[in-house]
Amino acid sequence: MNLYELTIHQLQKMLRSGEVTSVDVTKAIYERINDVDKEIHAYISLTREMALEQAEDADRKIKEGGDIPPLLGIPLAIKDVLCIEGVKTTCGSKILSNFIPPYDATVIKRLKANGAIFLGKTNMDEFAMGSSTETSYFGITRNPWSLQHIPGGSSGGSAAALAADECIGALGSDTGGSIRQPAGCCGVVGMKPTYGRVSRFGLVAFASSLDQIGPMTKDVTDTAILMNVISGRDLLDSTSLDVRVPDFTAALRDDVKGLRIGIPREYFVEGMDPEVEDSVSDAIRLLERLGASSREISLPHTDYAISTYYLLASAEASSNLARYDGVKYGYRTDDSNDIMHMYKKTRENGFGAEVKRRIMLGTYALSSGYYDAYYLKAQKVRTLIKDDFDKAFKGCDVLIVPNAPTPPFKIGEKMNNPLQMYLSDIFTISVNLSGIPAISIPCGFSKEGLPIGMQIMGRHFDEETILRIAYTFEQNTDYHLQKPKIKL
Ligand code: GLN
């Protein structure tokens, strides 16, 4: 096995036993990146010097013995929406193309404190707005399983980096599916934790009532390991909650006996790709054979999820993105004669088309005279969507649904039709609207050989049950072990 193919838990053992050094693994990954990233383009920037220094430091600590933190010497890829002190953080946008944050995000601080190494920053849709990683100012990312297909988005760079073995683990962010959908498209694991589980301090904000940071990994065990490190209350983010953080790795049991799975009928609709439907249905049948039970349930307000999400997310984005005005940091036009002109030109040249579309949509929905009809109404519908889940979880422990209605689509296919792009998010956004946790795990392949993902959704703060089911499924299948043959 090549060193770059290792999972976090495999590498943990090998580092501890002295079988490999962190420097060897880090170098092997950079060689791999050198070989494949010209085609895949998973990374916006690499932090080679810093990573090798961190790796040397880790190897020294391992040699010295003593307390070894869980991620000591483990190389990770970080979505370029998270601030690392002194490392360019662009958010996939021209307007932040020269931004070097003076501080670490809380998750980065936690990863550092636990010994992790940062390989670089991964590509993403501009300001995390998109489902295909095609709106990045820095160019598209390709799906390692087929270079003509999208890797999903907006955390497409992190997902592709994992699938192409250009990192050992990764972080993404999920506002409406941006961890789960790309994980599904690239055949890897991605979890959106409960809203409030992980601090967002140092995450560039898109829609603050929906944004969440989460792990993206090669298997479920690694997701639990990263969850242990990034979870917990943080005084710098008042939306992070003071709830018990369990040992998520203790939830990894190959046993689903007695667990009740709900299958929402609104998620298995006509027009859905039969390969996706078959893979997810087969997965549920397998879990039944292993001792779980399932029954059909209803989430009656599902039809309203897309419009509710795109109103609320755009409204919040229009307000969050008002800070990019060229004054204190980021890109500033050099073609301006007065301050108003400078603001306008900076924003006109600094943002891409999709970001401008959202800002306009959101500003309109919040404007006086339309606020009640759009923003306030959407808030009320959001509560109905959340109530649907609360009711469903009275009779079920988890819900299982597809990740997306189709396998990954072709690059360019939906770029000229924003509505089609938005509709592809139908299965992921309700989770953010209601704040619950969900994981995406690989559950099959299309005839074309493209990965298919399924989601397991759970109750607020019950990531443990989700992980237990995901782990059991993984132990009894081998989808997560398949590797793409990258055509270079
Ligand atoms: N695709 C969704 C959007 O474009 C979700 C993005 C995300 O989760 N960041 O808004």
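Residues numbered from 1 in each chain as written. Predicted model: local features only at pLDDT ≥ 70, side-chain atom pairs only at ≥ 80, totals over all residues. Heavy atoms only, no water.

The next subject is the site of the ligand. Taken together, 15 residues sit near the ligand, with Thr175, Gly176, Ser178, Tyr309 and Asp425 positioned nearest. One of the backbone nitrogen or oxygen atoms of Thr175 is found 2.7 Å away from an oxygen atom of the ligand. Contact with the protein chains hides 99% of the accessible area of the ligand, taken as 300 Å² for the molecule alone. Here the shell around the ligand is built from residues that sort into five nonpolar, seven polar and three charged. (Near = heavy atom within 4 Å. Polar contact = N/O pair within 3.5 Å; in protein donor to acceptor, adjacent residues only side chain to side chain. Areas by Shrake-Rupley, 256 points an atom, 1.4 Å probe, with all protein chains shown as cover. Nonpolar A, V, L, I, M, F, W, Y, C, P; charged D, E, K, R; others polar.)

Here the focus is the nonpolar core. Counting 152 residues, the largest nonpolar core has Leu111, Phe127 and Met457 as its most contacted members. The leading source of residues in this core is helix α9 (residues 305-320), at eight residues. (Core = buried A, V, L, I, M, F, W, Y, C linked by side-chain atoms within 4.5 Å. Buried < 20%, exposed > 50% of the residue type's maximum accessible area, 1.4 Å probe, protein only. Helix = DSSP H or I, 4+ residues; strand = E, 2+ residues; numbered from the N terminus.)

Right, let's get into the sheet that holds strand β3 (residues 117-122). In spatial order, the strands read β1-β3-β2-β4-β6-β5-β10-β11-β9-β7-β8; together these 11 strands make up an open sheet with mixed pairing. Either end of the sheet is taken by a strand with one partner, and the two such strands are β1 (43-46) and β8 (293-297). Recorded for the sheet is a direction-independent mean angle of 30° between the axes of neighbouring strands. One ladder, built from seven bridges, connects strand β10 (residues 438-445) with strand β11 (residues 451-458); its direction is antiparallel. Bridging across to β11, Pro442 finds its partner in Gly453. (Pairing = 2+ DSSP bridges. Axes fitted to C-alpha atoms, helices over the stretch in contact; angles between N-to-C directions.)

Within the element layout of this structure, Val381 appears in helix α12 (residues 372-395). For the pair Val381 and Ser45, spaced 336 residues apart in the sequence, the C-alpha separation amounts to 40 Å. Val381 has contacts with Tyr304 and Thr308, leaving out every residue within four places of it along the chain. (Contact = heavy atoms within 4.5 Å.)

Further remarks concern the state of the cysteines. Counted under the stated rule, the structure contains zero disulfides. With no disulfide partner, Cys185 has as its closest neighbouring cysteine sulfur the one in Cys186, 6.3 Å distant. Unpaired in this structure, Cys396 has its nearest cysteine sulfur neighbour in Cys443, at a distance of 19 Å. (Disulfide = S-S within 2.5 Å.)

Moving on, we come to the environment of Gly271. Looking at where Gly271 falls in the secondary structure, it is placed in the loop between β7 (260-264) and α8 (274-289). Residue classification places Gly271 among the exposed positions, given a relative accessible area of 79%. Once the C-alpha coordinates of Gly271 and Ile140 are considered, the two residues, 131 residues apart in sequence, prove to be 28 Å apart.

Turning our eyes to something else, we now look at the pairing of β10. Look at any regular strand and the pattern is simple: side chains alternate between the two faces of the sheet. Most of β10 sits out of view: seven of its eight residues are buried. Bridge count for strand β5 (residues 189-192) against β10 is three bridges, and the pairing is antiparallel. Within β10, the residue paired with Lys192 across the bridge is Ala438. Turn length for the β10-β11 hairpin, with the two strands adjacent in sequence and antiparallel, is five residues, and the turn residue Gly449 shows positive phi of about 85°.

So, about the packing of aromatic side chains. Counted according to the given criterion, the structure contains 18 aromatic pairs. Centre to centre, the rings of Phe127 and Phe351 are 6.0 Å apart; their planes meet at 65°, and the pair counts as edge-to-face. Linking Phe127 in the loop between β3 and α5 (156-163) with Phe351 in the loop between α10 (339-350) and α11 (353-366), this pair joins segments that are 224 residues apart in sequence. Here Phe127 matches Phe351 in class, with each residue buried. An aromatic cluster of at least three residues, connected via ring pairs, comprises Phe99, Phe127, Tyr324, Tyr329 and Phe351. Over the ring of Tyr331 we find Lys94; its NZ or CZ atom is 4.8 Å from the centre of that ring. (Phe/Tyr/Trp six-rings, centres within 6.5 Å; stacked < 30°, edge-to-face > 60°. Lys NZ or Arg CZ within 6 Å of the ring centre and 35° of its normal.)

On the surface, a cluster of nonpolar side chains totalling about 270 Å² of accessible area is made up of Val327, Ile339 and Met340. Relative to the helices and strands, Ile339 resides in helix α10. (Patch = residues over 30% accessible without salt bridge, like charges linked within 9 Å, V, L, I, M, F, W, Y side chains within 5 Å. Salt bridge = Lys/Arg side-chain N within 4 Å of Asp/Glu carboxyl O.)

A few words on the pattern of salt bridges. Evaluated as defined, the whole model comprises 21 salt bridges. A salt bridge links Arg197 to Glu463, with the shortest nitrogen-to-oxygen separation between them at 2.9 Å. Separated by 266 residues along the polypeptide, Arg197 in the loop between β5 and β6 (212-217) and Glu463 in helix α15 (residues 463-475) bring together distant segments of the chain. Residues Arg253 and Asp255 are paired through a salt bridge, measuring 3.4 Å at the closest nitrogen-oxygen approach. Each member of the salt-bridge network shares a partner with another, and the members are Asp57, Arg60 and Lys61.

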